[in-house]
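Topology and contacts: notes
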Protein chains: 2
Amino acid sequence: MKFATLPDGTRDGRLFIVSRDMTRIEPAKGAHTMQELMERWDEVEIQLEMEYEAVNNGLGGGFSPAAALAPLPRAWQWLDGSAFDSHGALMAKVFGMEDKFKPDFPYMYQGVSDRFYAPTEDVKFPSEDDFIDFEGEFGIITDAVPLGIKAREARQHIRLLVQINDWSLRRIAPLEMKAGFGWVRAKPACSMAPVAVTPDELGDAWRDARIDLDLGVWWNGEKFGAANGYAMSVGFDALVEHAAYSRDLVPGTVIGSGTVSNETYRDVGSSCIAERRGIEMIDKGDATTEFMKFGDRVRMEVFDAAGETVFGAIDQKVIPA
Amino acid sequence: MKFATLPDGTRDGRLFIVSRDMTRIEPAKGAHTMQELMERWDEVEIQLEMEYEAVNNGLGGGFSPAAALAPLPRAWQWLDGSAFDSHGALMAKVFGMEDKFKPDFPYMYQGVSDRFYAPTEDVKFPSEDDFIDFEGEFGIITDAVPLGIKAREARQHIRLLVQINDWSLRRIAPLEMKAGFGWVRAKPACSMAPVAVTPDELGDAWRDARIDLDLGVWWNGEKFGAANGYAMSVGFDALVEHAAYSRDLVPGTVIGSGTVSNETYRDVGSSCIAERRGIEMIDKGDATTEFMKFGDRVRMEVFDAAGETVFGAIDQKVIPA
């Protein structure tokens, strides 16, 4: 199934079911909002599958992904991993933190979840001098997950897959990281692509609790990266296990993969500017690519083997606050 | 004004207005939930002040603080500072991190906000071996705060004061801190004392955006600490400024002071076990006080100059998950 949330004047918006070919939508009857869907998944799943079939058979109105909100416009919890090792190694280089402690557990921080930006919404920042960067990621949305769950059982709680841009301020990030308390100023709200999909929609591209698809990134219209999501050192199931060690996860918890990155970054490119700068430091001794300026745009979109968009596009402009 | 939230079968509970002497309550008419109050403060303040006067004049039913939920049972955002320098220095000692980077900005992490435990609710943990600890704190609840606000203007957005127990797992805390991503497993949900109060209720004890009252802590019935809340190196107004640097704060954002601690800790005691262990390490070369065991209780309560309870008591038992 595929879902989108359209504006209706409320903070949570109105949940719609989207046709497989992303051309038509119909208001979901089984749940009014995405949050409600995550709270009542088991009760409403069969009804929604019937609605999905109907919209696939021609029911519903036209769908304009650019007009959608984030599929989950706000969440009670957003936890972001950093599961791509090639990214971590490059970031340590950029931040001058290569001798930093390497934990034997997955990296994960808790970020602001009171909003996810709509996919085409302008995004405000206080200053270009904070080194504005994008981070292309994949993510999951869970239903209710009990405390202490193991990865194997966690998979059934991964109800939806999403695509995320985790906005980052790179001047502040290493300072907050060294302080040890995680990120507050360096990690403002994230953006989500317009459509959330059930794992079965990906077919073979959803395996080992990872998304085996390339995340395309364009900066001011130029291709910047197309790293593949399968290279996670641990799957989303292990990230759920980690997150639920000492807390149960409320329905609608969003967990991110961290910046998608591959060892072959010189060929496939990067999903954030900081990583390209790390490559430049390795290759040329100096980072020459600058961070984003006000007015810049970033686009992120994922295509399946048939060349069809999977989550719709994030396409946003950064502007001064 | 004073507020409490009582159970009504929903996640957010029902907002009540509490008499100054904490003996009577009446359902708030101006707002149905604490979240709604924070979203509509300016509209409903005058009406609620009239309701408060009525309940002070004898309206309403009896109040049983032990039956209350947290005043805000869940929040869209929980940010916790660490504004007591004597605590920070001792914790660095306990964690063996005295050479750690000292930032020139306030310490703050983002924690889980999808629930605040009720003041007398049992609290579940996976294992005693994680070194279960309490942390007595003061906190504030804000209304909507614009991005980029300065401390001076931030004060008017501090609508309510609360008392918090920030549960912590000390085995995990230094590992997550060294990883640089902040705390996920080491910081499960917090608890709140039953009553939230407007700053004016504290009279002279609310000054310089700090709470000049002692936070009493009892562990299994024995007095453990009574540190004073005025010793914050920065006030709550500066914490709001810090939090709102690159994000606006949604109404109902909760910001904590960090563990209340004084330089005179040998006289006044501590608000968490880890701090007492730090003192033992300094004084005796070895920490002998153990962390909490299942079945242990912690009580936290604050009294004003007249000897009256300010927020009601947190009194909880830790149990296995």
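All figures in this text were calculated on a predicted structure; none of them were measured in a lab.

1. As for the overall build of chain A
- Along chain A, the regular secondary structure elements total eight helices and 21 strands.
- Projected onto its principal axes, the C-alpha coordinates of chain A cover approximately 55 × 45 × 35 Å.
- Evaluated residue by residue, chain A yields a buried proportion of 64% over its 321 residues.
- Of the contacts formed within chain A by residues at least 6 apart in sequence, a portion of 73% connects residues at least 24 apart.

2. Quick word on the interface of chain B and chain A
- Taken together, the contact between chain B and chain A spans 47 residues of the former and 47 residues of the latter.
- The contact between chain B and chain A buries some 4500 Å² in all, and 62% of this surface belongs to carbon and sulfur atoms.
- One salt bridge connects Arg115 of chain B with Asp248 of chain A, and the closest N-O pair in it is separated by 2.8 Å.
- Inspection of the region where chain B meets chain A yields 12 residue pairs in polar contact (both at pLDDT 80 or more).
- The class makeup of the residues in the side of chain B that touches chain A is 25 nonpolar, nine polar and 13 charged.

3. Concerning the domain arrangement of chain A
All names here are of chain A.
- Here the domain parsing of chain A yields domain 1 (1–63) and domain 2 (72–320).
- Put simply, the middle of domain 1 and the middle of domain 2, counted by C-alpha atoms, are 25 Å apart.
- Facing 17 residues of domain 1, the contacting portion of domain 2 comprises 23 residues.
- We note a salt bridge from Asp12 to Arg74, for which the minimum N-O separation is 2.9 Å.
- At the level of secondary structure, the elements contributing two or more residues to the side of domain 1 that touches domain 2 comprise strand E1 (2–6), helix H1 (34–39) and helix H2 (41–56).
- For the side of domain 1 that touches domain 2, the residue count by class is nine nonpolar, two polar and six charged.

4. A closer look at the relation of the copies chain B and chain A
- For the pair chain B and chain A, the superposition axis carries a translation of 0.0 Å, the fit reaches an RMSD of 0.0 Å, and the rotation angle comes to 180°. The transformation just described matches what one would write down for a two-fold rotation axis. Identified as the residue of chain B closest to the rotation axis by C-alpha distance is Gly182 of chain B, at 1.9 Å.

5. A closer look at the UniProt feature "domain: Fumarylacetoacetase N-terminal" (unreviewed entry) in chain A
- UniProt tags residues 1–74 of chain A as "domain: Fumarylacetoacetase N-terminal" (unreviewed entry).
- Secondary structure content for residues 1–74 of chain A is 30% helix and 22% strand, while the C-alpha to C-alpha distance between its ends is 21 Å.

6. What about the packing of aromatic side chains?
- Within this structure, the stated rule accounts for 27 aromatic pairs over all chains.
- Relative to Phe291 of chain A, the ring of Phe131 of chain A lies with its centre 5.2 Å away and its plane at 15°, an arrangement referred to as stacked. Separated by 160 residues along the polypeptide, Phe131 of chain A in the loop between strand E8 (123–125) and strand E9 (132–133) and Phe291 of chain A in the loop between helix H8 (273–284) and strand E20 (297–302) bring together distant segments of the chain.
- Of the residues examined, Phe291 of chain A reaches a relative accessible area of 9% and is grouped as buried.
- Joined through ring pairs, the aromatic side chains of Tyr107, Tyr109 and Trp183 of chain A together with Phe181 of chain B make up one cluster.
- Just above the ring of Tyr230 of chain A sits the side chain of Arg207 of chain A; from NZ or CZ to the centre is 4.0 Å.
- Taking NZ or CZ as reference, Arg210 of chain B lies 5.8 Å from the ring centre of Tyr230 of chain B, over its face.

7. A word on the state of the cysteines
- A full pass over the atoms with the stated rule returns zero disulfides over all chains.
- No disulfide involves Cys272 of chain B; its sulfur sits 13 Å from that of Cys190 of chain B, the nearest cysteine.

8. Focus: the sheet that holds strand E18 (residues 222–228) of chain B
Residue and element names in this part refer to chain B.
- Pairing within the open sheet is mixed, and its five strands lie in the order E8-E21-E20-E17-E18. Across the chains shown, the open sheet's two edge strands, defined by having one partner strand only, are strand E8 (123–125) and E18. Geometrically, the sheet is characterised by an average inter-axis angle of 25° between neighbouring strands, direction not taken into account.
- Pairing analysis gives three bridges linking E8 to strand E21 (residues 314–320), with the strands arranged parallel. Opposite Phe125, over in E21, you have Pro320 as the bridge partner.

9. Details of the environment of Ile149 of chain A
Residue and element names in this part refer to chain A.
- Tracing the sequence through the fold places Ile149 in the loop between strand E10 (136–142) and helix H4 (151–154).
- According to the relative accessible area criterion, Ile149 is buried, its value standing at 9%.
- On a C-alpha basis, the gap between Ile149 and Arg266 in space is 38 Å, while along the polypeptide they are 117 residues apart.
- Beyond its immediate chain neighbours, meaning those up to four positions away, Ile149 contacts Ala154, His157, Val240, Glu241 and Ala244.

10. Notes on the packing of helix H3 (residues 85–95) of chain A against H8 of chain A
Residues and elements named next belong to chain A.
- Where H3 contacts H8, the axes come no closer than 8 Å and their chain directions differ by 70°. With respect to each other, H3 and H8 are oriented roughly perpendicular. Our pair here, H3 against H8, has a crossing hand that is left-handed. In this structure, H3 contributes His87, Leu90, Met91, Lys93 and Val94 to the contact, and H8 contributes Ala274, Glu275, Arg277, Gly278, Ile279, Met281 and Ile282.

11. Considering the environment of Ile132 of chain A
- Positionally, Ile132 of chain A belongs in strand E9.
- In the structure, Ile132 of chain A is positioned 141 residues away from Ile273 of chain A in sequence and 8.9 Å away in space, judged by C-alpha atoms.

12. Overview of helix H8 (residues 273–284) of chain B
All names here are of chain B.
- With 12 residues, H8 extends 16 Å between its outermost C-alpha atoms, agreeing within 8% with the 16 Å of an ideal straight helix rising 1.5 Å per residue.
- Of all the positions in H8, only Ile273, Ala274, Glu275, Arg277, Gly278, Ile279 and Glu280 are classed as buried.
- Contact partners of the buried residues in H8: helix H3 (85–95), strand E9 (132–133), strand E17 (214–219), E18 and helix H7 (265–268).
- A positive backbone phi angle near 80° is found at Gly285, which sits one or two residues after H8.

13. What to know about the pattern of salt bridges
All names here are of chain A.
- With the rule as written, the count across this model stands at 42 salt bridges over all chains.
- A salt bridge links Arg40 to Glu36; the nearest nitrogen and oxygen atoms lie 2.7 Å apart.
- Judged by its relative accessible area of 22%, Glu36 is partly exposed.

14. A closer look at empty space enclosed by the protein
- Within this structure, the stated rule accounts for three cavities of 30 Å³ or more.
- Taken as a whole, the largest cavity holds about 50 Å³ of empty space.
- The residue makeup of the lining of the largest cavity, split by class, is seven nonpolar, two polar and one charged.

15. Some details on the side chain of His242 of chain A
- Mapped onto the elements of the fold, His242 of chain A is located in helix H6 (residues 236–243).
- On the basis of relative accessibility, which here comes to 6%, the residue His242 of chain A falls in the buried class.
- The residues contacting His242 of chain A, other than those within four sequence positions of it, are Phe105, Pro106 and Met108 of chain A together with Glu176 and Arg185 of chain B.

Scoring rules and cut-offs
Residues numbered from 1 in each chain as written. Chains lettered and ligands numbered in written order. Predicted model: local features only at pLDDT ≥ 70, side-chain atom pairs only at ≥ 80, totals over all residues. Heavy atoms only, no water. Helix = DSSP H or I, 4+ residues; strand = E, 2+ residues; numbered from the N terminus. Buried < 20%, exposed > 50% of the residue type's maximum accessible area, 1.4 Å probe, protein only. Contact = heavy atoms within 4.5 Å. Buried area = accessible area lost by both parts, 1.4 Å probe. Salt bridge = Lys/Arg side-chain N within 4 Å of Asp/Glu carboxyl O. Polar contact = N/O pair within 3.5 Å; in protein donor to acceptor, adjacent residues only side chain to side chain. Nonpolar A, V, L, I, M, F, W, Y, C, P; charged D, E, K, R; others polar. Domains from an automatic or database assignment. Least-squares fit on C-alpha atoms with pLDDT ≥ 70 in both. UniProt positions renumbered as here; feature names shortened; annotations may be inferred. Phe/Tyr/Trp six-rings, centres within 6.5 Å; stacked < 30°, edge-to-face > 60°. Lys NZ or Arg CZ within 6 Å of the ring centre and 35° of its normal. Disulfide = S-S within 2.5 Å. Pairing = 2+ DSSP bridges. Axes fitted to C-alpha atoms, helices over the stretch in contact; angles between N-to-C directions. Parallel < 35°, antiparallel > 145°, perpendicular 65-115°, else oblique. Left-handed = near helix turned anticlockwise from the far one by under 90°. Expected span 1.5 Å × (residues − 1). 1 Å grid on protein atoms, 1.4 Å probe; cavity = no way out; pocket = protein on both sides within 12 Å on 5 of 7 lines; lining within 4 Å. Points joined across faces, edges and corners; volume = space filled by probe spheres on them.

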